[in-house]
Amino acid sequence: MEKKNELLLRVYLICIGFVIFAAMIIGKVVKTAIVEGDEWRSKGQQNMRWMNVEGERGSIYDVHGNLLATSLPYFDIKIDLLTSKTKVFEQNIGPLSQQLAEHFGKTASEWESQLSIKRREGMRVRRQRASGDSSVSSNAGFYPLLYKLTKKELDLLKKFPLLNLGKYEGGLIVERKTRRERPYRSWAKRTIGIDRADNQVGLERSFDRFLKGQTEKRLMRKVPGQTWLPMDDATEMLKEKGSDVITTLDMHIQDVVHNELESALITHNAENGVALVMEVETGAIRAISNLKRMSDGSYDEYHNDAIGKMTEPGSTFKLISALAMLESGKIGLDTEIDLFGGKKKFFDYNMYDSHRHGIRKATFKEAFAISSNVGMGYAAYKIFGKKDSGWNAFYDALDRMGVLDVTGIEIYGEKKPQVKKPGVKNKNEVINWSGTTVPWMAHGYELMLSPLQILNFYNAVANDGKLMKPYLVSEVVDEDGVSTRYSPKVLRENIASPETILKAKELLKAVAESGTASGLKVEGLSFAGKTGTTKLEYWKDTESYDYNASFAGYFPEERPKYSMIVVVYSPEGRDYYGAKVAGPVFRNVMKRLSGYEGYKTLDVDDEPKVLHAHSGHRADYEKVLDFIGMDYEESGNSNWAEMKPGHNLQLKSKRIKKNIVPDVKGEGLRDALFLLESLGMEVEVEGVGKVYKQSQRAGQEIKIKKIKIFLN
Amino acid sequence: MNLILKHTGFILLLSVLGIVYIHNTHSAEGKLRKIAKLKKEVSDAKSRFQEVKSDINFKSTESQLAKQLEESGLKKNDEVPILIEITES
């Protein structure tokens, strides 16, 4: 009994102990949650906050997959000089200064004295604050060490004495920021674009909604180790990255074009210049350069003049007026026309050829080849010069060819061609159109077009009359590899009848062979094109005029691959003729691109098109193999099978898992469709045959329902 | 009292589960931290790769190569390349 009592007593004692302990815990809980609740909750806020999480901006690529613009991190480095102990600081400051001087400029003694002074200053301020003077800055001792370091430089810096001690002993503070980098510097800068808070330009602007990553507010919590994790779903760490934009630009061609244009501008001391290369068949822009003379005399991309600068085109427009005349059927290549020796008066105005050649009779083709203003003007006058009916016919002819429309390129800033409409009054209530309008328009005056708009017509002629929409972006690929392709678009199937196009080609060929561009010939290469020399402010009566020199054309002549326009604005040298100033740029580019075999498009994932496996429904394979009597090894028993060459033909089970993207490569369309749709995916198909590529990689979880498959 | 004694096993189980739960939370958090760190490392490595790659891409363009080779006396071939076309007979 005695023993039992003792035992019970002990149990009660322990029990009471527990009860007291529990009461204390409950008491503490109450105290923490209710009495001190607000204080703790506000402290909790420090470890939990709403943060703006911004997804990384997508990159821009050229047609080969070269990076044109991307977001790279850079690092601003500060140092908290008060963190390190005096002894440590004094030991390390010497070697640190030496290292800094060696890699980041300035001399070692400069670094050392600056850092030491800042540290002493910080010490003094800290003492003042400690004694209650709160007027002094609280971030004394923080010293901005270096700005805009690359990752490589940061890694190096982290090895330096003092800084290698880290944040809490050395005082190294690293701020990570991102900047937009264009590896190819100024090449096509205005077209690739500039991403900035206000006034974005180029593709960065037009495709901003694709490029930019999603920004969202998220409740984040801090876990030890300076890491912020989202409150709700911690695994979903990466916010949505922007899509990548793949352009039609080709950096090899861009290289050639940029440098040839630049050297021509330097030679002729021109104000600015543009050059555009377009692929004839598709309308894809392969290179675009817009160079302007800067105040220091060097040339840099400044505005997208190729797309936005409207000027009177001058003689390059003669191709378009010739098309209109030929299409009317009232003139042929061999029709004799009068050149009046190079000077003719229309009403009150004199029209001159570039020089007084004295020729009277010439065929239409000859007049075009030597770029006779009078010849073209007079021919147009005879066909379209009749008031109202003739004028309207000319205007309608331009309209039918699409001269009045924008090309619709993706860059903002393209303007509608400025072409006067007969019968419409201008601002001063004067009828726009007069007797001189047709002859002047015929040789490229009294109307304004951009270089791109002119080039597009040369491209259409090269492309057998098919007017393409010039474009710069071929594909947008999102984070998950799903791509949207932009295929070439036809603006007008035929700008003129096939016969007229053939005649136009012959005209351009004549210019290259015996006309104003015959000086550009290169042995072994063929081209066709038209020179242009536009006199600026020609209505003024001065001794010397400013000129724009241009050349538009395509090469090779027989099977045009590229079309190109070069415009040099206000050359200040001795030469100002299109053939002398702009033509050589065209010739050199043509020369350097000869033998250059196009490009290959960037694949979403670089997988060879050769199939090593066939796969599909097992029963079908068994039936076929049994029928032709081939031996095969069978393994597994699932419905889907893969056939592989081996020692024997092997028929293996193919694993299909729910919620995992299957590998449908090697399957026919029917099997692939059935398989993917049975998993609930939406399938987009391109091509015929067997699947060689799929937009979502096999083996990853099905996050997006859409998948695209490519058949060879 | 008997109640406690009677359910000792269950209470023990509960405490073990509690410990497992706490441990699990901690290790999960640790892993997440590691993931975040590795992801940062990957993105850093990626950006280093891009820095270097884009530098190389630019330096290996025709015009830049020509500039660098100027001193060595190597020049671009100014002649038009000869294309050999084979027509099957």
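Residues numbered from 1 in each chain as written. Chains lettered and ligands numbered in written order. Predicted model: local features only at pLDDT ≥ 70, side-chain atom pairs only at ≥ 80, totals over all residues.

To continue, consider the overall build of chain B. Helix and strand counts for chain B come out as three helices and zero strands. Every one of the 89 residues in chain B was classed for burial, and the buried ones make up 3%. (Helix = DSSP H or I, 4+ residues; strand = E, 2+ residues; numbered from the N terminus. Buried ≥ 20, exposed ≤ 12 C-beta atoms within 10 Å, placed from the backbone.)

Further remarks concern the overall build of chain A. On a plain count of helices and strands, chain A comes out with 21 helices and 31 strands. For 712 residues, the compact-globule estimate of 2.2 N^0.38 gives 27 Å, and chain A exceeds it by more than 25% at 37 Å. On the principal axes, the C-alpha backbone points of chain A span a range of 145 × 90 × 55 Å. For chain A, the proportion of its 712 residues judged to be buried stands at 40%. (Rg over C-alpha atoms; globule rule 2.2 N^0.38 Å.)

The interface is formed by 30 residues belonging to chain A together with 22 residues belonging to chain B. Listing elements by their share of the side of chain A that touches chain B, those giving two or more residues are α1 (2–35), β3 (67–80), α5 (151–157), β7 (227–230) and α9 (251–268) of chain A. Residues that form the side of chain A that touches chain B fall into these classes: 15 nonpolar, 10 polar and five charged. (Contact = placed C-beta atoms within 7 Å. Nonpolar A, V, L, I, M, F, W, Y, C, P; charged D, E, K, R; others polar.)

Now for the pairing of strand β23 (residues 547–555) of chain A. Residues and elements named next belong to chain A. Along β23, nine of the nine residues are buried, which leaves the element largely enclosed by surrounding structure. Note that strand β22 (residues 528–535) and β23 share eight bridges and pair antiparallel. Its bridge partner lying in β23, threonine 534 is registered against asparagine 548. Two strands pair when backbone bridges link them, and β23 and strand β24 (residues 562–569) are joined in this way by eight bridges, in the antiparallel orientation. Bridging across to β24, glycine 553 finds its partner in methionine 564. Taken together, β23 and the strand that follows it, β24, pair antiparallel across an intervening segment of six residues. (Pairing = 2+ DSSP bridges.)

Now for the domain arrangement of chain A. Residue and element names in this part refer to chain A. The domain architecture assigned to chain A consists of domain 1 (53–247), domain 2 (253–593) and domain 3 (614–711). A separation of 49 Å is found between the C-alpha centroids of domain 1 and domain 2. In this complex, domain 1 contributes 19 residues to the contact, which on the side of domain 2 involves 20 residues. Mapped by element, the contributors of at least two residues to the side of domain 1 that touches domain 2 are α6 (189–192), α7 (202–206) and β8 (244–247). (Domains from an automatic or database assignment.)

Another aspect to go through is the packing of helix α11 (residues 318–328) of chain A against helix α13 (residues 373–384) of chain A. Residues and elements named next belong to chain A. At a minimum axis separation of 11 Å, α11 and α13 run at an interaxial angle of 35 degrees. Judged by the twist between their axes, the crossing of α11 over α13 is left-handed. Note on element contacts: α13 touches α11 through Met376, Ala379, Ala380 and Ile383, opposite Lys318, Ser321, Met325 and Ser328. Of the residues that constitute the contact of α11 with α13, the class distribution is five nonpolar, two polar and one charged. (Axes fitted to C-alpha atoms, helices over the stretch in contact; angles between N-to-C directions. Left-handed = near helix turned anticlockwise from the far one by under 90°.)

Soluble globular proteins tend to bury their nonpolar side chains together. Residue and element names in this part refer to chain A. The biggest cluster of nonpolar side chains holds 127 residues, and the ones touching the most others in it are Leu276, Leu319, Val566 and Val568. The residues that make up this core include at least three from each of domain 1 (53–247) and domain 2 (253–593). The next biggest cluster of nonpolar side chains, apart from the first, holds 15 residues, and it includes Leu81, Trp111, Tyr143 and Leu157. (Core = buried A, V, L, I, M, F, W, Y, C linked by C-beta atoms within 7 Å.)

The next thing to look at is the sheet that holds strand β31 (residues 706–711) of chain A. Strands in a sheet are paired, the pairing made by backbone hydrogen bonds, and the direction either parallel or antiparallel. Residue and element names in this part refer to chain A. Strands sit in the order β29-β31-β30 across an open sheet of three strands; the sheet is mixed. Each end of this open sheet is capped by a strand with a single partner; those strands are β29 (682–686) and β30 (691–694). Strand-to-strand, the axes of this sheet are offset by a mean angle of 30 degrees, without reference to chain direction. Relative to β31, β29 is paired through five bridges, and the arrangement is parallel. Residue pairing across strands places glutamate 684 opposite lysine 708, the latter belonging to β31. Sitting on the sheet, helix α21 (residues 669–678) is in contact with β29, β30 and β31, with an inclination near 160 degrees to β29.

So, on to the confidence of the model for chain B. Taken residue by residue, chain B gives an average pLDDT of 86. The fraction at 70 or more is 98%. Scoring of the predicted complex yields 0.75 for pTM and 0.78 for ipTM. (pLDDT = per-residue confidence, 0-100.)

Attention now moves to helix α17 (residues 498–514) of chain A. All names here are of chain A. Given a rise of 1.5 Å per residue, 17 residues ought to cover 24 Å, and the 24 Å separating the end C-alpha atoms of α17 matches this to within 8%. For α17, every residue scored as buried is listed here: Thr500, Ile501, Lys503, Ala504, Leu507, Leu508, Lys509, Ala510, Val511 and Ala512. Along its buried surface, α17 packs onto α11, α12 (364–369), α16 (451–462), β22 and β23. (Expected span 1.5 Å × (residues − 1).)

Moving on: the environment of tryptophan 50 of chain A. Residues and elements named next belong to chain A. Residue placement: tryptophan 50 occurs in strand β1 (residues 48–54). Exposure remark for tryptophan 50: the 10 C-beta atoms within 10 Å place this residue in the exposed category. Setting aside chain neighbours within four positions, we find tryptophan 50 in contact with Lys217, Arg218 and Leu219.

Turning next to the sheet that holds strand β9 (residues 272–279) of chain A. All names here are of chain A. Ordered in space as β11-β10-β9-β24-β23-β22, the six strands form an open sheet in which the pairing is antiparallel. Unpaired on one side and paired on the other, β11 (299–301) and β22 mark the two borders of the sheet. The average angle at which neighbouring strand axes cross in this sheet is 15 degrees, direction not considered. Bridge count between β9 and β24: eight bridges; the pairing is antiparallel. Its bridge partner being in β24, valine 274 is matched across the sheet by valine 567. Against the sheet, α16 touches β9, β23 and β24, its axis set at about 150 degrees to β24.

Okay, unusual backbone geometry next. Most peptide bonds take the trans configuration, and most residues that are not glycine carry a negative phi. Residues and elements named next belong to chain A. Each neighbour pair has its own omega, and for phenylalanine 555 with proline 556 the value is -15 degrees, a cis peptide bond. If you check the backbone angles, lysine 106 has positive phi at about 60 degrees while not being a glycine. By the element assignment, lysine 106 lies in the loop between α3 (86–104) and α4 (108–130). Despite not being glycine, lysine 148 shows a phi value in the positive range, around 55 degrees. Turning to its location among the elements, lysine 148 is positioned in strand β4 (residues 142–149). What makes lysine 148 exposed here is the crowd of 11 C-beta atoms within 10 Å.

What follows concerns α21 of chain A. All names here are of chain A. By the burial criterion, the buried members of α21 are Ala672, Leu675 and Leu676. Taken around the axis of α21, the buried residues stretch over an arc of 90 degrees, which confines them to a single face. In α21, the exposed positions angled more than 90 degrees off the buried face are occupied by Arg670, Glu677 and Ser678. At the exit of α21 stands glycine 680, carrying a positive phi of roughly 85 degrees. (Arc of directions from axis to C-beta.)

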